[in-house]
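Overview (structure and organization)
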Amino acid sequence: MKRHFDSTARTALGLTVLALTALVLVAHATSPRAVAYPEGFRRWTHVKSMAITGHDHALYSSFGGLHHVYVNAVGRAALEAGKPLPDGSVLAFDLLDVREDGGTLQEGARKFTGVMQRDARAFAATGGWGFEAFAGDSRTERVVKDGGRSCFECHLSRAEKGYVFSEWRR
């Protein structure tokens, strides 16, 4: 009788471990993954630059400064054609302080590097885009603390453009 109990207990334990492993795998597959720092992004295609310099601009407190926007090779052709960016596309923007010097606007210190990564399945809850920002010159200090939901709320206004603000300059 003891032998039967041990066999039954082992079977139950094995099934429990298998079920827990399956749950972990499903949770991992359906939860958004972290957006990686875009190594070498300044060698990607430059899309545009923009400056927010006026204190009266609605986004000045968060995004005041000089923006340089870049797209990786996966997204370049679609962006240029005005089509939705496919999975694997990454947009990066460098946000730098701006300072006036002798009648010119000059780049200052980096405030953060913003990243949008397209993966319709992994980031379904945020329109297929993963959002992240890396503080200053850091490649590891993440700024986005809510899984990109606050970023996506702003990008909702660009739903008809695939949630992307930047367009190819013709």
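Just so it is clear, the model here is predicted, and its values are computed rather than measured.

Turning to the pairing of strand S4 (residues 104-118), a few remarks are in order. Both faces of the sheet carry side chains from a regular strand, because those side chains alternate between them. Where strand S3 (residues 90-101) and S4 come together, 11 bridges link them in antiparallel fashion. By the bridge assignment, Asp 94 is partnered in S4 with Thr 113. In textbook terms, the turn of a hairpin is the stretch between consecutive antiparallel strands, and for S3 and S4 this stretch comprises two residues, one of which, Gly 102, has a positive phi near 60°. Alignment of S4 against strand S5 (residues 129-135), held across seven bridges, turns out to be antiparallel. Bridged to Arg 118 within S5 is Trp 129.

Another aspect to go through is the pattern of salt bridges. Under the defined criterion, the tally for this structure stands at 10 salt bridges. Of the charged contacts, one joins Asp 97 and Lys 111 as a salt bridge, the two residues approaching to 3.7 Å between their closest N and O atoms. Pair noted here: Asp 97 is in strand S3 and Lys 111 is in strand S4, with a separation of 14 residues, a long-range link. Since its relative accessible area comes to 33%, Asp 97 is described here as partly exposed. Among the ionic pairs, Glu 132 bridges to Arg 142, the shortest N-O distance being 3.1 Å. In this pair, Glu 132 sits in strand S5 while Arg 142 sits in the loop between S5 and helix H4 (149-155), placing the two residues 10 residues apart along the sequence. Classification of Glu 132 by relative accessible area gives buried; the value is 9%. Exposure remark for Arg 142: the relative accessible area of 30% places this residue in the partly exposed category.

For helix H3 (residues 73-81), the set of buried residues is Gly 75, Ala 78 and Leu 79. Down the axis of H3, the smallest arc covering the buried residues is 100°, so these residues share one side. Seen from the buried face of H3, the exposed residues on the opposite side, beyond 90 degrees, are Ala 73 and Ala 77. Elements in contact with the buried residues of H3: strand S1 (45-52), strand S2 (65-71) and S3. Directly after H3, the chain includes Gly 82, whose backbone phi takes a positive value near 75°.

What counts and how
- Residues numbered from 1 in each chain as written.
- Predicted model: local features only at pLDDT ≥ 70, side-chain atom pairs only at ≥ 80, totals over all residues.
- Heavy atoms only, no water.
- Pairing = 2+ DSSP bridges.
- Helix = DSSP H or I, 4+ residues; strand = E, 2+ residues; numbered from the N terminus.
- Salt bridge = Lys/Arg side-chain N within 4 Å of Asp/Glu carboxyl O.
- Buried < 20%, exposed > 50% of the residue type's maximum accessible area, 1.4 Å probe, protein only.
- Arc of directions from axis to C-beta.
- Contact = heavy atoms within 4.5 Å.

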